[in-house]
Amino acid sequence: PLINTLENIKSLNGNSKAYNYFCIGQLYKCTEDYSKSILYLKKSFIEYKKLKNEKYLTYVSNTLSLIYSKINDYSKAEYFIQQTLLHKNNSKRLTNYNKYDIWYYSYFNAFKSKNYIKALERLDSASNYINYINNDFKANLYDSYGLTYTKLGKYTKAEENFIKAINYRKNEKTVNILNLSKEVKSLHIKSYN
């Protein structure tokens, strides 16, 4: 398999070596072998740190934060979120879409660890880049606001955000019925709480 081939490449150095580790880590992530994914992503992180490659340090640390959050290790996820934010600030080569992505995905760790105030702060930071994302992503953003406000018991604000999400979803050329129904369902959940 491809993973074995990549693992057996020994002659790489510099960016090639760091990127090879990153690819192996991503492949293991896709197969849900998170311990091996973390192992290779950390190797990639170390190599990129030696190279002072801020852009890829941002990508690698962001991926590590997502994996740690997925396996419910919120403190390690938060550590790598902080690394991501540090390297994001040092990188001049990230697009506004990348910056949105970083803030939006850091939201999930705060939400899953039930730190809803921090979750809102991260959504607010993501919303600074709203002009650079399409309507489907805007709908996801407002849906996340709605879910977070629901957890805080602020049902009017939750409803306002679910409605925004529905409106953005409807503005897509091809309406994703599954996502649209998710927002409608979320909108009705608050009525029964």
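Note that the structure is a prediction, hence the values are computed from the model and not measured.

## What to know about the overall build of the protein chain
Argument step 1. Along the protein chain, the regular secondary structure elements total 10 helices and 0 strands.
Argument step 2. Taken from N to C terminus, the helices and strands of the protein chain fall in the order α-α-α-α-α-α-α-α-α-α.
Argument step 3. Considering the protein chain as a whole, with its 193 residues, one finds that 46% of them fall into the buried category.
Argument step 4. Considering only residue pairs separated by 6 or more positions, the protein chain has 54% of its internal contacts joining residues 24 or more positions apart.
Argument step 5. Surface summary for the protein chain: the accessible area is close to 10600 Å², and the carbon and sulfur share equals 51%.

## Focus on unusual backbone geometry
Argument step 1. Even without glycine at this site, E32 takes up a positive phi of about 65 degrees.
Argument step 2. Tracing the backbone through its elements, the reader meets E32 in the loop between helix 2 (14-30) and helix 3 (34-51).
Argument step 3. A residue is classified by how much of its surface remains accessible, and E32, at 56% relative accessible area, is exposed.
Argument step 4. The phi torsion at K114 lies on the positive side, around 65 degrees, for a residue other than glycine.

## Details of the packing of aromatic side chains
Argument step 1. Under the criterion given, the structure shown has 23 aromatic pairs.
Argument step 2. Judged by centre distance (6.2 Å) and plane angle (35 degrees), the ring pair of Y19 and F22 falls under tilted. You can see Y19 and its partner F22 sitting in helix 2, 3 residues apart, about one turn around the helix.
Argument step 3. Look at Y48 and Y56: their rings are 5.2 Å apart centre to centre, the planes differ by 15 degrees, and that puts the pair in the stacked class.
Argument step 4. Judged by relative accessible area, Y48 falls into the buried class, the value being 2%.
Argument step 5. Y56 sits in the partly exposed class, given a relative accessible area of 25%.
Argument step 6. Taken together through their ring pairs, the aromatic side chains of Y97, Y100, Y104, Y105, Y107, F108, F111, Y116 and F137 make up a single cluster.

## Comments concerning the nonpolar core
Argument step 1. Ranked by size, the top nonpolar core spans 26 residues in total, and within it Y100, Y104, L123, A126, L141 and Y145 carry the most contacts.
Argument step 2. Elements supplying a minimum of two residues to this core: helix 5 (74-90), helix 6 (96-112), helix 7 (116-127), helix 8 (135-151) and helix 9 (155-170).
Argument step 3. Examining the composition of this core, we find that 7 residues originate from one element, helix 6, more than from any other.
Argument step 4. If we ignore the near neighbours within four places in the chain, the residues touching Y145 are L120, L123, D124, S127 and N161.
Argument step 5. Grouped together as the second largest cluster of nonpolar side chains are 14 residues, A18, I38, Y48 and L64 included.

## Details of helix 2
Argument step 1. With 17 residues, helix 2 should reach 24 Å at 1.5 Å per residue; the first-to-last C-alpha distance of 25 Å fits that figure.
Argument step 2. Taken as a whole, helix 2 has its buried residues at A18, N20, Y21, F22, I24, G25 and Y28.

## Here we look at the pattern of salt bridges
Argument step 1. Tallied over the entire structure, the rule returns 6 salt bridges.
Argument step 2. Salt-bridge contacts for D73 lead to K76; the nearest nitrogen and oxygen are separated by 3.9 Å.
Argument step 3. A relative accessible area of 39% means that K76 is categorised as partly exposed.
Argument step 4. The closest approach of N and O atoms between R122 and E78, which form a salt bridge, is 2.4 Å. Of this pair, R122 sits in helix 7 while E78 sits in helix 5, placing them 44 residues apart in sequence. With respect to class, R122 is no different from E78; both count as buried.
Argument step 5. Each of K17, E47 and K50 takes part in one network of salt bridges that share partners.

## Here we look at the packing of helix 4 (residues 54-70) against helix 5
Argument step 1. Orientation of helix 4 relative to helix 5, taken along the N-to-C sense of each, is 160 degrees, at an axis distance of 8 Å. Relative to helix 5, the element helix 4 is oriented roughly antiparallel. Considering the relative orientation of helix 4 and helix 5, their crossing is left-handed. Every residue of helix 5 that contacts helix 4 at E54, L57, T58, S61, N62, L64, S65, Y68 and S69 is listed here: Y74, K76, A77, F80, I81, Q83, T84, H87, K88 and N90.

What counts, and at which threshold
Sequence order as written defines residue numbering, which begins from 1 separately in each chain. With pLDDT at 70 or above as the cut-off, local features in this predicted model cover only qualifying residues; side-chain atom pairs require 80 or more to be listed or tallied, and sums for whole chains, interfaces and linings still use all residues. Values reported for side chains reflect all heavy atoms of the structure, with hydrogen atoms and water molecules removed beforehand. Runs of H or I in DSSP of at least four residues are treated as helices and runs of E of at least two as strands, each being numbered from the N terminus. Each residue is placed in one exposure class: buried if its accessible area under a 1.4 Å probe, protein chains only, is under 20% of its type's maximum, exposed if it is over 50%, and partly exposed if it falls in between. A contact between two residues is defined here by any heavy atoms of the two lying within 4.5 Å. Surface accessibility follows the Shrake-Rupley procedure with a 1.4 Å probe radius. Residue values consider only the protein chains on display as shielding. Ring pairs shown here join Phe, Tyr and Trp side chains whose ring centres sit within 6.5 Å, with only the six-membered ring taken for Trp; geometry is labelled stacked below 30 degrees between planes, edge-to-face above 60, and tilted in between. Here, nonpolar core means buried Ala, Val, Leu, Ile, Met, Phe, Trp, Tyr and Cys residues that are tied together by side-chain atoms lying within 4.5 Å of each other. Multiplying 1.5 Å by the residue count of a helix minus one yields the expected span of that helix. Here a salt bridge means any side-chain nitrogen of Lys or Arg lying within 4 Å of a carboxyl oxygen belonging to Asp or Glu. Think of each axis as a best-fit line through the C-alpha atoms, taken over the contacting stretch in the case of a helix, with angles from 0 to 180 degrees between the N-to-C directions. Roughly parallel refers to an angle under 35 degrees, roughly antiparallel to one over 145, roughly perpendicular to one between 65 and 115, and oblique to any angle outside these ranges. Here a crossing is called left-handed whenever its near helix is offset anticlockwise from the far helix by less than a right angle, and right-handed whenever the offset is clockwise.

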